[in-house]
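Geometric and topological summary
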Amino acid sequence: MRASSGIGSSQLRSPSGGPFSISRNQVYFPGKVSFCRAKFAESGVDGLSISLRVVPPSLLAAEKEEAKAVLSLFLKKQGLSHAVAARTINKSELFIDHLVSRLHSVHKSRYLVGRELTTLEIRDALIPYLETLFEEHGDILVDVVENFPNQPDKEISEAEVSSSSSSSSSSSSNPTLDSKRTKAMARVTEVGPAGELPPNILYLLELGLELDQIKAMTRRFPAFPYYSLEGKIMPVVQFLLDLGVPKSGIPIILYKRPQLCGVSLSENIIPTMLFLENLGVDKKQWAKVIHRFPAFLTYSRQKVKATVDFLKEMGLSAESIGKVLTRCPNIISYSVEDKLRPTAEYFRSLGVDVAILLHRSPPTFGLSIVANIKPITEFFLEKGFSIDEVRTMISRYGPLYTFSLAESLEPKWEFFLTMDYPRTELVKFPQYFGYSLEERIKPRCAIVRESGVRLLLNQVLSLSESEFVKALKRKMKKMHDGKS
């Protein structure tokens, strides 16, 4: 196995505890199909991740063992014991096959030329993907892994959680997680000899969190009540305050992302921040960034780097990347291979400059192609717009695709048909769809009608109240002077 800088094969250990030292055969022959279902991988074809190549058995065995090691480390990082992580992996053969298939997909060019992956490259390919799954599924990730490709129910009702907390019977399909959650919930309300709650719980209550919020955080992340007050929680709170986060904003940040308290400040959070600042993230904006997306600093450097590398690949400058990450930090949570890249390829197929769209409207790349993006394209085409006009509208107004088709675009289109403007006005001014129909579009149009004059669509909507009145008066005076 090839060694790589930063991490060696000895740093990844098998669930049984021993290091891996399996040699690889570098001979590859196209022809064999190995595949695995991934119902939650949107970019796949009917959920299938397909690898079209023959891989020698010795290499497959090595890759499977390394995938197991990465998964084991990831599960233990989420708070599972070594024994529980090992049991989970033993029950997850199909998911391990899926991880290996994903390696073949992500690094297909490497396989085609017969170059084997280093341990670091395998880790860097799989950890961001596992983080994306964890972001989506939370503490039922173990169920997702063990039941793959069948996705378990994601939602567990509060009644079911309360029931499992108050009785020995489990309502979840994973007894280990149920037991862990039950113990963690009990720890939150555990009363000491003097009748007081645990110090970390009292501190959180004094900080402004409600007891029900702390319970909800514990249901989602059972490791939270075990965090040391002096060693984990207080240093993170002080760190956030030093960044400029107001004390009143701390409770919502911790509630949204309790995992933040479990991440090392010196080894993870601060180095990640410095890495991002070097890319152009404004250090003065950290308080706003974290408030917008508390999970931002809990992602691994591999995950962050994967997103940054993708943005560079799309043509964004370092300055633009910094601005994108500052304005829309949750872009880090989007899977590069399952979300960002397929969306970029779709808009590129329409002739859109992807770099400009990413810079102007990064949230567009978090939308579902099937459920959100394609229906909007089809909507405009059905209304008579050409593909060139649609491309122009996207280029002029990046957020166009972020609006609800049923609740925003369709009602505004229907009202536009009553406004006596040609369709080309929307091509010139697609920002029309960004204004409130009831609070801006209808009132302004009513005033224009009553005045008896005609303004360009962008004048009707984009001008401030005072400038709008001035424009109307000028138009009315010009009309009156012309008649006289």
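Residues numbered from 1 in each chain as written. Predicted model: local features only at pLDDT ≥ 70, side-chain atom pairs only at ≥ 80, totals over all residues. Heavy atoms only, no water.

Description of the packing of aromatic side chains
All told, the structure shown has 16 aromatic pairs when counted by the stated rule. The interplanar angle of 45° and the centroid separation of 6.2 Å between the aromatic rings of phenylalanine 221 and tyrosine 227 together place this pair among those described as tilted. Pair check on accessibility: phenylalanine 221 and tyrosine 227 agree, each one buried. Seen from their ring centres, phenylalanine 347 and phenylalanine 365 are 6.2 Å apart, and the 50° between their planes marks the pair as tilted. Remark: phenylalanine 365 occurs in the loop between α18 (354-360) and α19 (369-382) and phenylalanine 347 occurs in helix α17 (residues 336-349); sequence separation between them is 18 residues. One aromatic cluster is present, built from ring pairs that chain together Phe379, Phe380, Phe385, Trp413, Phe416, Tyr432 and Phe433. (Phe/Tyr/Trp six-rings, centres within 6.5 Å; stacked < 30°, edge-to-face > 60°. Buried < 20%, exposed > 50% of the residue type's maximum accessible area, 1.4 Å probe, protein only. Helix = DSSP H or I, 4+ residues; strand = E, 2+ residues; numbered from the N terminus.)

Thoughts on the packing of α19 against helix α21 (residues 405-416)
As a packed pair, α19 and α21 sit with axes 12 Å apart at the nearest point and diverge in direction by 15°. Relative to α21, the element α19 lies roughly parallel. Like other packed secondary-structure pairs, α19 and α21 cross with a definite hand, here right-handed. Contacts from Pro375, Ile376 and Phe379 in α19 reach Leu405, Leu409, Glu410 and Trp413 in α21. When its residues are assigned to classes, the contact of α19 with α21 shows six nonpolar, no polar and one charged. (Axes fitted to C-alpha atoms, helices over the stretch in contact; angles between N-to-C directions. Parallel < 35°, antiparallel > 145°, perpendicular 65-115°, else oblique. Left-handed = near helix turned anticlockwise from the far one by under 90°. Contact = heavy atoms within 4.5 Å. Nonpolar A, V, L, I, M, F, W, Y, C, P; charged D, E, K, R; others polar.)

Details of helix α20 (residues 387-396)
Residues of α20 that are buried include every one of Glu389, Val390, Met393 and Ile394, and no others. End-on view of α20: buried residues confined to an arc of 140°, all on one side of the axis. On its buried face, α20 is in contact with α17, α18, α19 and α22 (424-428). (Arc of directions from axis to C-beta.)

A short note on the packing of helix α11 (residues 229-243) against helix α13 (residues 265-279)
Between α11 and α13, whose axes approach to 13 Å, the crossing angle comes to 20°. Of the possible angle classes, the one that applies to α11 and α13 is roughly parallel. Crossing geometry of α11 relative to α13 is assigned as right-handed. Every residue of α13 that contacts α11 at Pro235, Val236, Phe239 and Leu243 is listed here: Leu265, Ile269, Ile270 and Met273. Taken together, the residues of the contact of α11 with α13 sort by class into eight nonpolar, no polar and no charged.

Thoughts on the environment of serine 248
Within the fold, serine 248 resides in the loop between α11 and α12 (250-256). Here serine 248 falls in the exposed class, since its relative accessible area comes to 65%.

Notes on unusual backbone geometry
Phi at aspartate 420 takes a positive value of approximately 65°, unusual for a residue other than glycine. Tracing the backbone shows aspartate 420 in the loop between α21 and α22.

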